[in-house]
Amino acid sequence: MNIFLDTANIEEIKKAKRWGVLRGLTTNPSIVAREGKEFLDLATELCELVSPFPVSLEVVDRTGEGMAEQARAISALARNVVVKLPTNPEGLAALNLLKGEGVKTNLTLIFSTSQAILAMSGGATYISPFIGRLEDRGYEGMGLVRDIMNIHSAYNFKTEVIAASIRDPHQVIEIAKTGAHIVTLPFAVLEKMLLNTMTDADLDKFLNDWEKVPGRENAFKGTRRLEKVGA
Ligand code: G3P
């Protein structure tokens, strides 16, 4: 399962890149607005920072024709741009208008299996079911991902499924069990997956015990070589 970040915050992206786990980025108009930067400047920074991995940028028109026009414009920015389209009648119309133009698409705001079926059948590059927002409203989010993945494999759709709107590491684990291709995480959730007080406490114990090792100051100086040992 590939890990994407769901953010436009440069510092968060740099941290995830440094951990070596970043395989893409998703944004939406609310995420973009949080950064308070000109859209094109921010989009440029994101595409350069995340390259060669995909960066989802969402159109904001409400008509299929307008969305398609915005999609063509923003996908011209960089090869790793993926255009987010809402999974509604106009978003599907935009997907249809863009067919054969080489624009990568991410059909987003998916809350039902039927929406996912239409988006995958329509040839979306990615789809984004919103797990957390379903569960925030008392619906079963994990069942949606399971249904989508079952249908995806039954028809061997080419679309990649991005489980989105994630609230905590437990959801990531359950999503991973469904075989979803990608999960896109707020940085805070990614950090919660990694940080563990037991790891910290036991590492401290290891390093305290290390202080009793004779000659430890030369242990990692690369001064000794066993030519005939090892593969
Ligand atoms: O990528 C979709 C995501 O941004 C929505 O997540 O946390 O706002 O529900 P959230």
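A quick note: this is a predicted structure, and the numbers were derived from the prediction, not measured. (Residues numbered from 1 in each chain as written. Predicted model: local features only at pLDDT ≥ 70, side-chain atom pairs only at ≥ 80, totals over all residues. Heavy atoms only, no water.)

**Some words on the packing of helix α6 (residues 113–121) against helix α8 (residues 141–155)**
The interhelical angle for the contact between α6 and α8, taken along N-to-C directions, is 35°, at an axis separation of 10 Å. Along this stretch, α6 crosses α8, giving a crossing that reads as right-handed. Mapping the contact onto sequence places T113, A116, I117 and M120 in α6 and L144, D147, I148, I151 and H152 in α8. Residues belonging to the contact of α6 with α8 are distributed by class as follows: six nonpolar, two polar and one charged. (Axes fitted to C-alpha atoms, helices over the stretch in contact; angles between N-to-C directions. Helix = DSSP H or I, 4+ residues; strand = E, 2+ residues; numbered from the N terminus. Left-handed = near helix turned anticlockwise from the far one by under 90°. Contact = heavy atoms within 4.5 Å. Nonpolar A, V, L, I, M, F, W, Y, C, P; charged D, E, K, R; others polar.)

**Points about the site of the ligand**
Neighbouring residues of the ligand: D6, N28, I31, K84, F130, R133, A164, S165 and R167. A distance of 2.9 Å separates an oxygen atom of the ligand from a polar atom in the side chain of R167. When isolated, the ligand has an accessible area of 310 Å², and the protein chains bury 87% of it. Its residues assigned to classes, the shell around the ligand comprises three nonpolar, two polar and four charged. (Near = heavy atom within 4 Å. Polar contact = N/O pair within 3.5 Å; in protein donor to acceptor, adjacent residues only side chain to side chain. Areas by Shrake-Rupley, 256 points an atom, 1.4 Å probe, with all protein chains shown as cover.)

**Observations regarding the sheet that holds strand β6 (residues 126–129)**
Spatially, the eight strands close up into a barrel ordered β1-β2-β3-β4-β5-β6-β7-β8, and their pairing is parallel. When strand polarity is set aside, the average angle formed by the axes of neighbouring strands in this sheet is 25°. The pairing of strand β3 (residues 55–58) with strand β4 (residues 81–86) spans four bridges and is classified as parallel. Paired with S56 across the bridge in β4 is V82. The strands touched by α6 within the sheet are β5 (105–110) and β6, with β5 carrying the most contacts at an inclination of about 170°. (Pairing = 2+ DSSP bridges.)

**Points about the domain arrangement of the protein**
Annotation of the protein at the domain level lists domain 1 (2–194) and domain 2 (198–230). Each of domain 1 and domain 2 was reduced to a C-alpha centroid, and the two centroids are 44 Å apart. (Domains from an automatic or database assignment.)

**Focus on helix α5 (residues 89–97)**
Turning to α5, its buried residues are G91, A94 and L95. One side of α5 carries all its buried residues, which in axial view fall inside an arc of 105°. Looking at α5, the residues exposed on the side facing more than 90 degrees away from the buried face are P89 and N96. The inward-facing, buried residues of α5 abut α4 (64–75), β4, β5 and α6. (Buried < 20%, exposed > 50% of the residue type's maximum accessible area, 1.4 Å probe, protein only. Arc of directions from axis to C-beta.)

**Observations regarding the environment of T7**
Locating T7 in the fold gives a position in the loop between β1 (2–6) and α1 (10–19). Sequence separation of T7 and L46 is 39 residues, and the distance between their C-alpha atoms is 9.7 Å. Those residues within four positions of T7 in sequence are excluded, and the remaining contacts are E12, I13, L25, T26, T27 and I31. Within the local environment of T7, its side chain forms a polar contact with the backbone nitrogen of N9, the two atoms lying 2.9 Å apart.

**A look at the packing of aromatic side chains**
Overall, the coordinates contain five aromatic pairs when judged by the stated rule. Centroid distance F111 to F130: 5.6 Å. Interplanar angle 70°. Geometry classified as edge-to-face. Of this pair, F111 sits in the loop between β5 and α6 while F130 sits in the loop between β6 and α7 (131–136), and the two are 19 residues apart along the sequence. (Phe/Tyr/Trp six-rings, centres within 6.5 Å; stacked < 30°, edge-to-face > 60°.)

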